[in-house]
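Residues per chain are reported as follows:
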There are 2 protein chains.
Amino acid sequence: MRSSDHPFDQAITLTLKEDGTLHGRTSGHYWNAISPFGGTTVATLLQAMLTHPQRLGDPLALTVNFAGPIKEGDFIVRVSPVRTGRSTQHWQMEIRQHADEEPAITGTAVFAVRRDTWSDTEARLPDVTPPDALPRHPAPARVPFLERYDMRYVDGDPLRGTEDSATRCWIGDVPPRKLDFPSVAAYCDSFVPRLFVRKGAPTPISTVTLSINFHVDSETLAQQQGMFAFGAAKANAFNGGFYDQEGRIWSQDGALLATTHQLVWFRDQAL
Amino acid sequence: MRSSDHPFDQAITLTLKEDGTLHGRTSGHYWNAISPFGGTTVATLLQAMLTHPQRLGDPLALTVNFAGPIKEGDFIVRVSPVRTGRSTQHWQMEIRQHADEEPAITGTAVFAVRRDTWSDTEARLPDVTPPDALPRHPAPARVPFLERYDMRYVDGDPLRGTEDSATRCWIGDVPPRKLDFPSVAAYCDSFVPRLFVRKGAPTPISTVTLSINFHVDSETLAQQQGMFAFGAAKANAFNGGFYDQEGRIWSQDGALLATTHQLVWFRDQAL
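Reading the values: rules and limits
- Residues numbered from 1 in each chain as written.
- Chains lettered and ligands numbered in written order.
- Predicted model: local features only at pLDDT ≥ 70, side-chain atom pairs only at ≥ 80, totals over all residues.
- Heavy atoms only, no water.
- Helix = DSSP H or I, 4+ residues; strand = E, 2+ residues; numbered from the N terminus.
- Rg over C-alpha atoms; globule rule 2.2 N^0.38 Å.
- Buried < 20%, exposed > 50% of the residue type's maximum accessible area, 1.4 Å probe, protein only.
- Contact = heavy atoms within 4.5 Å.
- Least-squares fit on C-alpha atoms with pLDDT ≥ 70 in both.
- Phe/Tyr/Trp six-rings, centres within 6.5 Å; stacked < 30°, edge-to-face > 60°.
- Lys NZ or Arg CZ within 6 Å of the ring centre and 35° of its normal.
- Polar contact = N/O pair within 3.5 Å; in protein donor to acceptor, adjacent residues only side chain to side chain.
- Lys, Arg positive; Asp, Glu negative; His and termini not counted.
- Salt bridge = Lys/Arg side-chain N within 4 Å of Asp/Glu carboxyl O.
- Pairing = 2+ DSSP bridges.
- Buried area = accessible area lost by both parts, 1.4 Å probe.
- Nonpolar A, V, L, I, M, F, W, Y, C, P; charged D, E, K, R; others polar.

Draft legend 1. A look at the overall build of chain A. Counting secondary structure elements, chain A contains 5 helices and 14 strands. Relative to its length of 271 residues, chain A is compact, with a C-alpha radius of gyration of 18 Å against a globular reference of 18 Å. Reported as C-alpha extents along the three principal axes, the dimensions of chain A are approximately 50 × 45 × 40 Å. Across the 271 residues of chain A, 61% fall into the buried class. If you take every contact in chain A between residues at least 6 apart in sequence, the share linking residues at least 24 apart comes to 67%.

Draft legend 2. Highlighting unusual backbone geometry. The residue after A:Val174, namely A:Pro175, is reached through a cis peptide bond having omega -10°. Its location among the elements puts A:Pro175 in the loop between strand 9 (167-173) and helix 3 (181-187).

Draft legend 3. Spatial organisation of the relation of the copies chain A and chain B. Here chain A sits on chain B after a turn of 180° about the axis and a move of 0.0 Å along it, with an RMSD of 0.0 Å. The superposition operator between the copies reduces to a two-fold rotation axis. Mapped onto chain B, 100% of the interface residues of chain A are again interface residues, and the two copies thus contact each other with one and the same surface.

Draft legend 4. Just the packing of aromatic side chains, in detail. Evaluation of the coordinates by the stated rule reveals 26 aromatic pairs over all chains. Seen in terms of ring centroids, A:Tyr243 and A:Phe266 are 6.0 Å apart; in terms of plane orientation they differ by 50°. Their pairing is tilted. With A:Tyr243 in strand 13 (residues 242-251) and A:Phe266 in strand 14 (residues 256-266), this residue pair connects regions lying 23 residues apart in the sequence. Both residues of the pair, A:Tyr243 and A:Phe266, belong to the buried class. With a centroid separation of 6.1 Å and an interplanar angle of 45°, the aromatic rings of B:Phe230 and B:Trp250 are classed as tilted. Note that B:Phe230 is positioned in strand 11 (residues 228-234) and B:Trp250 in strand 13 (residues 242-251), a separation of 20 residues in sequence. Of the two residues, B:Phe230 and B:Trp250, both sit in the buried class. One aromatic cluster is present, formed by A:Phe8, A:Tyr30, A:Phe37, A:Phe145, A:Tyr149 and A:Tyr187 through successive ring pairs. Geometry around B:Trp118 places A:Lys199 over its ring, the cationic atom sitting 3.7 Å from the centre.

Draft legend 5. Region of interest: the side chain of B:Thr117. Structurally, B:Thr117 can be placed in the loop between strand 6 (105-112) and strand 7 (120-121). Only 3.0 Å separates the side chain of B:Thr117 from the backbone nitrogen of A:Gly241, close enough to count as a polar contact.

Draft legend 6. Seen up close, the side chain of B:Asp58. Residue and element names in this part refer to chain B. The topology assignment puts aspartate 58 in strand 3 (residues 58-66). One buried charged residue, aspartate 58, remains without a salt bridge, the closest side chain of opposite sign being arginine 55 at 4.1 Å. Engagement of the side chain of aspartate 58 in a polar contact is seen with the side chain of serine 218, the distance being 3.0 Å.

Draft legend 7. How the structure looks around the pairing of strand 5 (residues 88-96) of chain B. All names here are of chain B. For strand 5, the buried fraction is high: 8 of the 9 residues fall into the buried class. Note: strand 4 (residues 74-84) against strand 5, 8 bridges, orientation antiparallel. Bridging across to strand 5, valine 79 finds its partner in methionine 93. Between strand 4 and strand 5, which pair antiparallel in sequence order, lie 3 residues. One ladder, built from 8 bridges, connects strand 5 with strand 6; its direction is antiparallel.

Draft legend 8. How the structure looks around the interface of chain A and chain B. Taken together, the contact pairs 67 residues of chain A with 67 residues of chain B. Between chain A and chain B, a total of about 5700 Å² is buried, with carbon and sulfur atoms accounting for 51% of that surface. Contact with chain B buries surface across chain A, with A:Arg83, A:Trp118 and A:Glu122 losing the most and accounting together for 14% of the total. Between chain A and chain B we count 8 salt bridges in total. A salt bridge links B:Arg248 to A:Glu246; the shortest N-O distance between them is 2.6 Å. Linking chain A with chain B are 44 residue pairs in polar contact (both at pLDDT 80 or more), by the criterion used here. Taken together, the residues of the side of chain A that touches chain B sort by class into 25 nonpolar, 25 polar and 17 charged. Taken together, the 2 bridges between strand 7 (residues 120-121) of chain A and strand 12 (residues 237-239) of chain B define a ladder with antiparallel strand orientation. Paired with A:Asp120 across the strands is B:Phe238, a residue of strand 12 of chain B.

And the structure:
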C-alpha cells in the first residue's frame, strides 16, 4: 500500500482552493461516536503546517483547543506563521466549517530548527514485551476510528476499573504505516480515555484541549524502525466534570518521540 | 500588607485605556536576566481574563508562547473570548509592545464551569518535611525575580549536577501572599530550570512555550490554607537545543492545584 493510499493520509489530505483557503473533509474511517477522532484533527492541522511554503524546521510543540463540534463534511483550515525567528517559528491555527461561524478548533504551534547539542533522555522506553508477542486488543466500543488502531496492552485489559488510570500499550496504524509527525500526533489522542480505565466502561467524554511536545526532529523520526510506537498514559486528577491525561510516546527503537497532555470534559452518569 | 500592595499584584496590574486596550508595564521586582520573568507574563494574561467582563467560570487550561522578547516598559495585552459554550469558554491572547509590531506573546486559554461530579486525585502530595522546618534556599543567580520567591527544597541542593533532573520544593511569594490563580500560574514557571539541575550551574535558556492545566475551581483554591505551594518538576528529554519540563503544584493542604509543561530553548556552552 502506498502511503498516500492509506486511510490516515486520505483523512488528513488538504486541498488548496483558488481563493487561497485550505479545505479538508471529515473521514468516515476516522469517525468517532458523534464527531471526528480528535487525533485526526490535530494531525490535519500539523499537516497544514508541514506542507506550508513558509514552514521553518520541524514541529516542536502544539496546543489544539476543541471549541465546538465538527460536523460530518467539509472544513476550512487556516494556519499562519505569526512570528519567525532564527530557530523558532510561532503559528496560529483554526478550523471552521463555514467562514461566517465561530471557529470549531483554535490553537497555536511552534516549529523549530534543532542544532547539535548535548542531549539526554530521562524518560526511557520501559522494558516490555514487544508488540509481535502480544495480541491486538479488541476495541472497547464500536466506533470507526478504533478499527484504525492496533492497540497491544502490556499489562492486561485496560478497562479493568482500577484505582490507578495508568496504561501502557503498543500503538500501530491499521493497516501498518511508518511513523511520521502526523501519525505520532494522532497517537497522542488514541489512548483509551482515563475515565474508562477507572470506571471499567465507556462514559460520555469530550477532549477540551490537547498539547503535544515533540522530542525528535524529522531526520531522527525517519530513521526509526518498526511500525509500532509505545505509549504510556495516566491521569493526575478527575474533578468537577473535567480530568486530565498525560502520555509519552516512544518508537520501537526507544526514542522518546512525544509527550502530551490533555484536559477532558466528562459527564458523571452516577449523579 | 494589603494584597494590592504586594509587588506581584503590582506586576500584573493592567490599565484599561480610553481606546479599549489593556496596558501593563514590566516590573523591576520580577525582572529576569534580560526580560521579564515568564511567570509574571503568564499571570498577567490570566489576570486580564479573570477581570474580563465576559469571563465564564474559572481557568481550566492555558498555553502561552514566548514568540519574541519583551523589553522593559509598557505593553499591550489583548485577550478575547472566541467561543463560549455552556460549560467552557475559549480565549485567544497576545501581548505586543507596539501596535504595529509582531506579537511578543501568543496563546490560548480555556475557562470552565465545574460541576459536582465523581472526583479523585491520582497525583498525591508527597509526604515531605513541611516548609516551616526547612531553610530558604539561596537564589542560584543574582536576578531580581528570584528574590521574590521563597524556595525550600526537600531533597537538598537542586544544582547538584545529577543524572536525574527531578526536584521537589515548597514555593512561596516574598513577602508571603495567599495563593490564587495568577500566583499559581507564576509558580508553574518558577522551577529552577532542568538544565541547571543537570549541569549544576546556570546556562543560557529561554522558555519557548508553557502550558498549564488547573485542577481546582476558585472556591476550592480560596479555601486552601498556608502561604506555600509544593512543586515537583522533572524533564523528559534534552535534545537538539531544546528540552522539556513537567511540573505539579499542590497546596499545603494537599489539593492538586495545577500541572504544567514547557519547552525550553538552550545554548550548549560545551560545543
